[in-house]
Amino acid sequence: MHVLVASAPDGSVFLQRLDAAGRPAAPPEHLARDGLAGAVRRIEAAERPRWVWRRTPDWYSQLLAGDVPLGRCHDLSLCAGILAHSSYTTGYVPGTAVAAAGHPAPPHALPPAPLSPHQGSLFDHAAPAGPPPEALAAEFAEQLAAVSRSPHRPRLALLLAAESAGSLAAAEMQHAGVPWDARVHDGVLAERLGPRPPAGSRPALLEAKAAELRALLGAPGMNPDSPQELMRALHRAGIEARTTRAWELREYSHPAIAPLLEYKKMARLLTANGWAWLDAWVSDGRLRPEYVVGGVVTGRWSSRGGGALQIPAQVRSAARALPGHRLVVADASQLEPRVLAALARDEAMASAARGRDLYAGIAAAGFGGDRGRAKVALLGAIYGATTGESGRLMPQLARLYPRAVGFVEQAARDGERGLTVTTHLGRSTPAPSERWLASQRTATSEEQRRADTIARDRGRFTRNFVVQGTAAEWAECWIAELRLRLLGLRRKGLRAELVYFLHDEVMLHAEAAAADACAEAVEEAARSAGRLLFPGVPVEFPLSVAVVESYDQAK
DNA sequence: TCTACCCGCGCG
DNA sequence: AAAGCGCGCGGGTAGA
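Description of the structure in this document. All values reported here derive from a predicted model rather than from experimental measurement.

Counted according to the given criterion, the structure contains 9 aromatic pairs. The interplanar angle of 35° and the centroid separation of 5.4 Å between the aromatic rings of Trp474 and Phe541 together place this pair among those described as tilted. Linking Trp474 in helix α21 (residues 445-491) with Phe541 in the loop between α22 (515-533) and β14 (543-548), this pair joins segments that are 67 residues apart in sequence. Classification of Phe541 as buried rests on a relative accessible area of 10%.

Okay, the protein's contact with DNA strand C next. Close to DNA strand C lie 28 residues; Ser226, Gly305, Ala385, Arg460 and Phe461 are nearest. Taking all atoms of DNA strand C within 4 Å of the protein, the share assigned to sugar and phosphate is 81%. One of the side-chain nitrogen or oxygen atoms of Ser226 is found 2.5 Å away from a phosphate oxygen of DNA strand C. Within the side chain of Thr387, one N or O atom sits 3.4 Å away from a phosphate oxygen of DNA strand C. For the surface near DNA strand C, the secondary-structure elements that each account for two or more residues are α10 (227-236), α12 (257-273), β10 (302-304) and α21. For the surface near DNA strand C, the element with the highest residue contribution is α21, accounting for 4 residues. Class assignment for the residues of the surface near DNA strand C results in 7 nonpolar, 15 polar and 6 charged.

Here we take up the protein's contact with DNA strand B. Near DNA strand B you find 19 residues, and of these Thr244, Arg245, Ala246, Gln310 and Asp504 are the closest. Each atom of DNA strand B within 4 Å of the protein was assigned to sugar, phosphate or base; sugar and phosphate come to 76%. In this structure, Thr244 approaches DNA strand B through a side-chain N or O atom, which is 2.8 Å from a phosphate oxygen. With 3 residues, the single largest contributor to the surface near DNA strand B is α12. Residues of the surface near DNA strand B, tallied by class, amount to 6 nonpolar, 5 polar and 8 charged.

What follows concerns the packing of helix α9 (residues 204-217) against α12. α12 packs onto α9 with a crossing angle of 150° between their chain directions and a minimal axis gap of 10 Å. With respect to their mutual orientation, α9 and α12 come out roughly antiparallel. Of the two elements, α9 crosses α12, and the hand of that crossing is left-handed. Contacts between α9 and α12 involve Leu205, Leu206, Lys209, Ala210, Glu212, Leu213 and Leu216 from the first element and Pro259, Leu260, Glu262, Tyr263, Met266, Ala267 and Leu270 from the second. Tallied by class, the residues present in the contact of α9 with α12 amount to 11 nonpolar, no polar and 3 charged.

What follows covers the pattern of salt bridges. Here the idea is simple: oppositely charged side chains can pair when their charged atoms come close. Going through the model one piece at a time under the given rule, you end up with 28 salt bridges. Taking the shortest distance from any N to any O, the salt bridge between Arg202 and Asp225 comes out at 3.2 Å. Here Arg202, found in the loop between α8 (182-193) and α9, pairs with Asp225, found in the loop between α9 and α10; they are 23 residues apart in sequence, far enough to count as distant. Residue Asp225 is classed as partly exposed on the basis of its relative accessible area, which comes to 45%. With its nearest N and O atoms 3.6 Å apart, the salt bridge here joins Arg214 to Glu207. Note on Arg214: relative accessible area 17%, which makes it buried. Salt bridges here are not isolated pairs; linked through shared partners, they connect Arg202, Glu207, Arg214 and Asp225.

Let us now look at the sheet that holds strand β2 (residues 13-18). As summarised here, the arrangement of the 5 strands in space is β3-β2-β1-β4-β5, forming an open sheet in which the pairing is mixed. Two strands close off the open sheet at either side, each with one partner strand: β3 (29-31) and β5 (72-75). Direction aside, the axes of adjacent strands within the sheet are offset by 25° on average. Two elements, β2 and β3, share 3 bridges in a ladder whose sense is antiparallel. The residue bridging Leu15 from the neighbouring strand is Glu29, located in β3. Lying over the sheet, helix α3 (residues 76-85) contacts β4 (50-53) and β5, oriented at roughly 55° with respect to β5.

Moving on to the pairing of strand β11 (residues 325-332). The element β11 is extensively covered by neighbouring structure, given that 6 of its 8 residues are classed as buried. Sheet topology note: the β11/strand β13 (residues 505-511) ladder contains 7 bridges and is antiparallel. Residue pairing for β13: His325 is matched across the bridge by Glu511. Here β11 runs beside β14; their pairing, made up of 6 bridges, is antiparallel. Across the sheet, Ala330 pairs through a bridge with Val545, a residue of β14.

Examined against the element boundaries, Leu508 turns out to sit in strand β13. Judged by its relative accessible area of 0%, Leu508 falls in the buried class. Separated by 196 residues in the primary sequence, Leu508 and Pro312 place their C-alpha atoms 19 Å from one another. Residue contacts for Leu508: discarding those within four places in its chain leaves Arg326, Leu327, Val328, Leu482, Leu486, Glu497, Leu498, Val499, Cys518 and Val522.

Attention shifts here to the nonpolar core. Nonpolar side chains in soluble globular proteins tend to be buried together. Of all hydrophobic cores here, the largest spans 133 residues; its most connected members are Trp180, Leu217, Trp474 and Trp478. The element contributing the most residues to this core is α21, with 12 residues. Every residue in contact with Trp474, bar those within four places of it in the chain, is listed here: Ala332, Leu335, Ala526, Ala529, Gly530, Leu533, Phe541 and Leu543. Counting residues in hydrophobic clusters, the runner-up holds 20 residues, among them Val5, Val40, Trp53 and Cys73.

The next subject is the sheet that holds strand β12 (residues 496-501). With antiparallel pairing, the 4 strands of this open sheet are ordered in space as β12-β13-β11-β14. With partners counted over all chains shown, the strands left at the sheet margins are β12 and β14, one partner each. Each strand of the sheet is rotated relative to its neighbour by a mean of 20°, with strand direction disregarded. Running at roughly 165° to β14, α22 makes contact with β11, β12, β13 and β14 of the sheet.

Cut-offs used in this document
- Along every chain, residues carry numbers that run from 1 in the direction the sequence is written.
- Ligands are numbered from 1 and chains lettered from A, in the order in which they are written.
- Local features in a predicted model are, by the rule used here, given only for residues with pLDDT of at least 70; side-chain atom pairs are given and counted only at 80 or more, and totals for whole chains, interfaces and linings are based on all residues.
- Here the side-chain values reflect all heavy atoms present in the structure, with hydrogen atoms and water set aside.
- Two aromatic rings from Phe, Tyr or Trp, using only the six-membered ring of Trp, form a pair when their centres are within 6.5 Å; if the ring planes differ by under 30 degrees the pair is stacked, by over 60 it is edge-to-face, and anything between is tilted.
- Only DSSP runs of H or I with at least four residues qualify as helices, and only runs of E with at least two residues qualify as strands; both kinds are numbered from the N terminus onward.
- For each residue, the accessible area found with a 1.4 Å probe, counting protein chains only, is set against the maximum for its type, and the residue is called buried under 20%, exposed over 50%, and partly exposed in between.
- Residues are labelled near a given molecule or strand when at least one of their non-hydrogen atoms is within 4 Å of it.
- Distance and chemistry together define a polar contact, namely a pair of N or O atoms within 3.5 Å, with one atom able to donate a hydrogen and the other to accept it when in protein, and with adjacent residues in sequence counting only for side-chain atoms on both sides.
- Here the nonpolar group is Ala, Val, Leu, Ile, Met, Phe, Trp, Tyr, Cys and Pro; Asp, Glu, Lys and Arg are the charged ones; every other residue, Gly included, is treated as polar.
- To get an axis, fit a line to the C-alpha atoms, keeping to the stretch in contact for a helix; angles then go from 0 to 180 degrees between the N-to-C directions.
- For classification purposes, an angle smaller than 35 degrees is called roughly parallel, one larger than 145 roughly antiparallel, one from 65 to 115 roughly perpendicular, and anything else oblique.
- For any pair of crossing helices, the crossing counts as left-handed if the nearer helix is rotated counterclockwise from the farther one by less than a right angle, and right-handed if it is rotated clockwise.
- The contact criterion used is simple: two residues touch if any of their non-hydrogen atoms lie within 4.5 Å.
- Think of a salt bridge as a Lys or Arg side-chain nitrogen and an Asp or Glu carboxyl oxygen that are within 4 Å of each other.
- Between any two strands, pairing holds if DSSP finds at least two bridges.
- The set of buried Ala, Val, Leu, Ile, Met, Phe, Trp, Tyr and Cys residues whose side-chain atoms join them within 4.5 Å is what this entry labels a nonpolar core.

Geometry only, nothing functional implied.
Here it is, written out as structure tokens:
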């Protein structure tokens, strides 16, 4: 049922079956490192165990290189991070078992900081050093015990399973990469910026735009990339902007504004996703970002390198299926508001969400059919808006949906008081910062004002945390269910791979013949995620799914 | 010359 | 039209 994989002190690989409580259930096997893939493949086929290891990337990237996909795992390091903070359990301290087993690593630190990308590539196939196998087995048993004594055992168990499945999916996506056509990308750049220039100089169209701008502002030699120079030039031209942000500049009517906004757009494309980006992050026709599972406090993933979680609309046409293949792109519609309706058990909001478009449903129920205002009001409730249109609409929203609004208000009040808040499955906020604690020990009224600001900031954070974090849990359950279905399709000879994940959106690269089955699998996985998180709660999580040749054709 | 920080903008 | 959450990144800038 569980198989621990670890490095033995002598450099061999240590495999051991563990029982349901994490205790050794059979004598360990020692394997030579090059025997690992074969052994794992055999055990996976025969037993479909949950693989237990310190960190998924340590083992799974080499297994994927040997084409050994796995169904389930338990990532001790990620689960330690969750359990250490979770208000759903008590008495768990990460690394205690490791330290007790005599490992010289510092206590409280089962997972040292992740390897830097450079180290990762250098040592990918080297022996991952770390605590001895017995210590990892003891740590696993500690984690299972922490789940067992939780009053929310099923939820916490689901969270650890989903996070671990996420680590498998992340490794698979990094291994596969997004199919990326550098010629298409280069074409986009050439059309918007001009042909690729020598390194260090501006492409022709960008340089021309800079010249036009200098002429219109009467500022020869001005470098538009320098905020200071730009600000001086704007002021001399009578544009009294306080910042150089695009949305503020849009307020002014002056002949230089339009070219300036165009310049900023073009310069952004060049620096963020230009030729240098292509050179650095696309190789062998694939964009291979590194995903950091649980990299955000709320449980969302972050990424390292290439800004993979911010691929701008402008270059999405370069993400193209290979010949004979399709991209299946799916995203969850209005995920966060729907999660809020489920969290708060708000029947009224759930019924407004019954259709495809939640905002339209809410608009019809109480905003005179004005979808835009309904959306602003709801997002304002989730983010904690107090001023502007969104702030003004709050009372109206609260009358319509007292349970939903009350739920986020409670999370905000708790945060302001320095309490921990927790997602549906059990991810809790870290303790308030030292800055927060210090701010509460104040005397003067000046300090008190600052303390209030800090408390309100934390209130907005905790308000959003419960919703964003629970949405991340839904998405992780979704991807977990999806990858199991893809493994099933693979056994039927239908090949498809997960290639991209972005908070509430997934992309598959599938053989054309498998595309429809993939679209169905994505839908099934979403229904399953809803049932796993909120059994019996009548909130729907509809998707929009597109089968396309390139990413820009989706939605 | 190097480092740490801020700004601005892209994504959800 | 534009303030309220979470990120990563590149370039400019200030200080060492």
